[in-house]
Amino acid sequence: MITPQTIEQIKSRIDIIDIIGEYVKLKKRGSNYIGLCPFHNEKTPSFSVSASKELYKCFGCGKSGNAITFLMEHDKLSYVETLKWLAAKYNITIEETETSAEQKIIVQTADSLYAINKFANDFFVQELWQETEGQQIALTYLQERGFRDDTIKKFQLGYNPKEKDKLAQTLITHQFNKDILPKTGLVVIRNNDEWTDNYRGRIIFPIHNNTGKIIGFGARVIGQADKAPKYINTPENEIYVKSKILYGLYFARTVIAKEDECLLVEGYTDVISLHQAGIENVVASGGTSLTSEQLRLIKKYTNNLTIIYDGDMAGVKAALRGLDMALEEGLNVKLVLIPDNEDPDSYVNKTGTTVFKQFIAQHKKDFIIFQLEVMLKDAGNDITQKNNVVNNIAATLSKINRAEDFTKLHEYIRQCAELLKIDEAGLTNLVNKVKQEKQLKENKRASLADALQQIPEQEETIPTETLLLNEDEVYEKNMLRVLLEYGLQQKDETQSVANYIFDSLNNFRFDNALYSTIYQEYQELYGLGKEPDTKTFLYHKEEAVRNVIINIIAQPYELSPRWDEKLPGMNIVNRDVSLHDIDISISYFKLRKIKKMFRENQQDLEAATSIEEQLKLIAVHKFLKEEEIAITKHLGTVIIK
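Below or above, wherever it landed, is the structure these notes cover. All of these numbers come straight from a predicted model, not from anything done at the bench.

What follows is about the pairing of strand β9 (residues 202-208). Counting buried residues in β9 gives 7 out of 7 residues, a clear majority hidden from the surface. Of the pairings in the sheet, the one linking β9 to strand β10 (residues 214-221) comprises 7 bridges and is antiparallel in character. Residue pairing for β10: F205 is matched across the bridge by G218. Between β9 and the antiparallel strand that follows it, β10, lie 5 residues; G212 among them carries a positive phi value of about 95°.

A word on a nonpolar patch on the surface. Taken together, the side chains of I611, L615 and I618 define a hydrophobic patch exposed on the protein surface, amounting to about 310 Å² of accessible area. The topology assignment puts I611 in helix α29 (residues 611-636).

If you look at the biggest cluster of nonpolar residues, it comprises 62 residues, and the most contacted ones within it are F47 and I501. Those residues in contact with I501, other than ones at most four positions away along the chain, are M479, V482, L483, Y519 and I586. Counting residues in each nonpolar core, the second largest holds 59 residues, with I116, A168, Y199 and F359 among its members.

What follows is about the layout of surface pockets. There is about 1300 Å³ of room inside the largest pocket. Counting only elements with at least two residues in the lining of the largest pocket, the list comes to α4 (79-89) and α5 (101-130). Tallying contributions element by element places α5 first for the lining of the largest pocket, with 8 residues. Looking at the lining of the largest pocket, its residues break down into 16 nonpolar, 8 polar and 10 charged.

The sheet built from 4 strands is open, its strands ordered β6-β9-β10-β11 with antiparallel pairing. This sheet does not close on itself; its edge strands, each paired only once, are β6 (158-160) and β11 (231-233). On average, each strand axis in the sheet is inclined to that of its neighbour by 35°, with strand direction left out of account. By the bridge criterion, 3 bridges tie β10 to β11 in an arrangement that is antiparallel. Bridge assignment links R220 to a residue of β11, and that residue is Y231. Its contacts with the sheet place helix α11 (residues 268-276) against β9, β10 and β11, and it is angled at close to 75° to β9.

So, on to the sheet that holds strand β4 (residues 55-58). Hydrogen bonding along the main chain pairs the strands of a sheet, whether they run parallel or antiparallel. Here we have 5 strands laid out as an open sheet, ordered β1-β2-β3-β4-β5, and antiparallel in their pairing. Only two strands of the sheet have a single partner each, and these edge strands are β1 (27-29) and β5 (64-65). For strand β3 (residues 47-50) and β4, the ladder comprises 4 bridges, and the chain directions are antiparallel. Bridged to V49 within β4 is Y56. Packing against the sheet, helix α26 (residues 543-553) makes contact with β4 and β5, and its axis sits at approximately 75° to β4.

Attention shifts here to α11. Taken across its 9 residues, α11 has 9 buried, putting it largely inside the fold. Those residues of α11 that fall on the buried side of the exposure criterion are Y268, T269, D270, V271, I272, S273, L274, H275 and Q276. Just past α11, the residue G278 takes up positive phi, approximately 90°.

Let us look at the packing of aromatic side chains. The geometry of an aromatic ring pair is captured by the separation of the ring centres together with the interplanar angle, meaning the angle of the planes. This structure, assessed with the given rule, holds 24 aromatic pairs. Geometrically, the ring pair formed by Y475 and Y588 is tilted, given 6.5 Å between the ring centres and 35° between the ring planes. With a gap of 113 residues between them, Y475 in helix α22 (residues 472-486) and Y588 in helix α28 (residues 578-607) connect regions that are remote in the sequence. On the basis of relative accessible area, Y475 is assigned to the partly exposed category, the value being 29%. Above the ring of W129, the side-chain terminus of K153 is found at 4.9 Å from the ring centroid. A cation sits over an aromatic face here: K491 above Y500, 4.5 Å from the ring centre.

A separate point is the side chain of H275. Mapped onto the secondary structure, H275 falls in helix α11. Judged by its relative accessible area of 5%, H275 is buried. Setting aside residues up to four positions removed in sequence, H275 forms contacts with K154, F155, F251, A252, E280 and V282.

Looking now at the side chain of T234. Inspection of the secondary structure puts T234 in the loop between β11 and α10 (249-259). On the accessibility criterion, T234 (6% relative accessible area) is buried. Within polar-contact distance, the side chain of T234 engages the backbone nitrogen of F217 at 2.7 Å. Apart from the residues lying within four places of it in its own chain, the contact partners of T234 are T184, Y199, I215, G216, F217 and Y240.

About the thresholds
- Residues numbered from 1 in each chain as written.
- Predicted model: local features only at pLDDT ≥ 70, side-chain atom pairs only at ≥ 80, totals over all residues.
- Heavy atoms only, no water.
- Buried < 20%, exposed > 50% of the residue type's maximum accessible area, 1.4 Å probe, protein only.
- Helix = DSSP H or I, 4+ residues; strand = E, 2+ residues; numbered from the N terminus.
- Pairing = 2+ DSSP bridges.
- Patch = residues over 30% accessible without salt bridge, like charges linked within 9 Å, V, L, I, M, F, W, Y side chains within 5 Å.
- Areas by Shrake-Rupley, 256 points an atom, 1.4 Å probe, with all protein chains shown as cover.
- Salt bridge = Lys/Arg side-chain N within 4 Å of Asp/Glu carboxyl O.
- Core = buried A, V, L, I, M, F, W, Y, C linked by side-chain atoms within 4.5 Å.
- Contact = heavy atoms within 4.5 Å.
- 1 Å grid on protein atoms, 1.4 Å probe; cavity = no way out; pocket = protein on both sides within 12 Å on 5 of 7 lines; lining within 4 Å.
- Points joined across faces, edges and corners; volume = space filled by probe spheres on them.
- Nonpolar A, V, L, I, M, F, W, Y, C, P; charged D, E, K, R; others polar.
- Axes fitted to C-alpha atoms, helices over the stretch in contact; angles between N-to-C directions.
- Phe/Tyr/Trp six-rings, centres within 6.5 Å; stacked < 30°, edge-to-face > 60°.
- Lys NZ or Arg CZ within 6 Å of the ring centre and 35° of its normal.
- Polar contact = N/O pair within 3.5 Å; in protein donor to acceptor, adjacent residues only side chain to side chain.

Listed below in structure tokens is the structure:
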């Protein structure tokens, strides 16, 4: 784990304008910066970034957070991945807590693999662009295929020369660990100590993880393959696991999220050609059936998956068999078949971007309906085969098992029953039967203890009143704002604003549990001699706390400095109203709480059964009334200083 000291060092170096400015074109407006929101499509800027408060907020879609959460949301990184990205950006050495010997070996091996891959890719790129063999053989071939130079550079394509061991000897000369080299698949050892390049005479496609690090390679023969395989891929190792990789995701992830759709193709060149044509929300599976890990990768960015196949029906059928998993992941899957024995690469080059996009939009077919049509076509008039089709489609539909997909399931049942020409109720019963049988099998496999654990807990009923906005929260939220904004200032010569607020609210409490937690945490930190402020809570580990802080301090508008130009001498913009703000906020907070106490006391008084209890509650009523009068009188005589 990364040490707290390193995390604090990273936070202290963060420049939110610098970070977000890499993704959004920002323009200064007043003390903030504005731009078009990267999380939704808009024509008028509503995305605001505050350098002083170190936060961003879109007043259109509501997305908000700090620099770390921006990177996590925009690039779909984990917290640790984000910290490591920032550490690399600001040249901060990451210190981690003590790890086991085994963990250290895994980390060291992974670091070595990353370093070797990076070095090798630089070697391949240089061979492609700088060496005669690469220029004449590989670069010419890529250009003849229609790839522009900027596209080749974007995807960092390279070339491994035909020489037997040029890369191997270069790696050894630069003293890379010989024990690690074979794991990369770049080189192999023959006859005990004879190092040989594995990708000789091939074009190299580097494969990136979602932070841009190279984790492996695809190596393609130039022209037609004879006996050699068309592609050679990196063997699985500590950083390259084929089932968890989608080629091109690093370049496509932000566009996928923005367009809310992922296009899936088969090969590397399909991805590159579509990117070159301006269709950037596209990734490749590498010619294998989709895995659950790959589907979850897609789901991080969108629930909508469109798979683009060439017209090879055998390949389509093979792929269909693995797509039931997509239903379990809750993805909406569409299929498109490219006509005339074309593939996406050749078809987009033949038709152009506009026609290609139109074709995809017009020829999308729902995965389940397409699957059913294929099975019915194969079954023909065979009654037994048709019966199998009904059972197979029921098994597929049974995997739509999430509560939120209830309507979708029944729409599928309606459409499938219509195509099968069977009773809709009968298909519904069959789907339910398959679900029940599946559940029974799972229960039988489970032990009694496991079965008991699988019994769902009774759903908790949320009282209706908690769904309504409590008016007291407005005053509580404002009280937190004042504490965070002015708490570290001096109220007078004897005490700070924070201590003044603590003393003033000593007999009052926050009803909102989250606000109460923030208030108490502030008190604890302040009591330990620390200086908590908005930044402290802006980087809080709890997302709910971060969101509260952003909602407190992020405002869509600010006073224009031109007010002081229009009304000279009034000092409207820069006037110090902090003492008035503190005083009036405390007064209204207390007044609101006293009114609530009045209501509660009145209810207790009406329910009281003894004289003693009634007298006690009358005394409380009198005390509250005196406090109310005092606060009201004070509010009427507050003077702005």
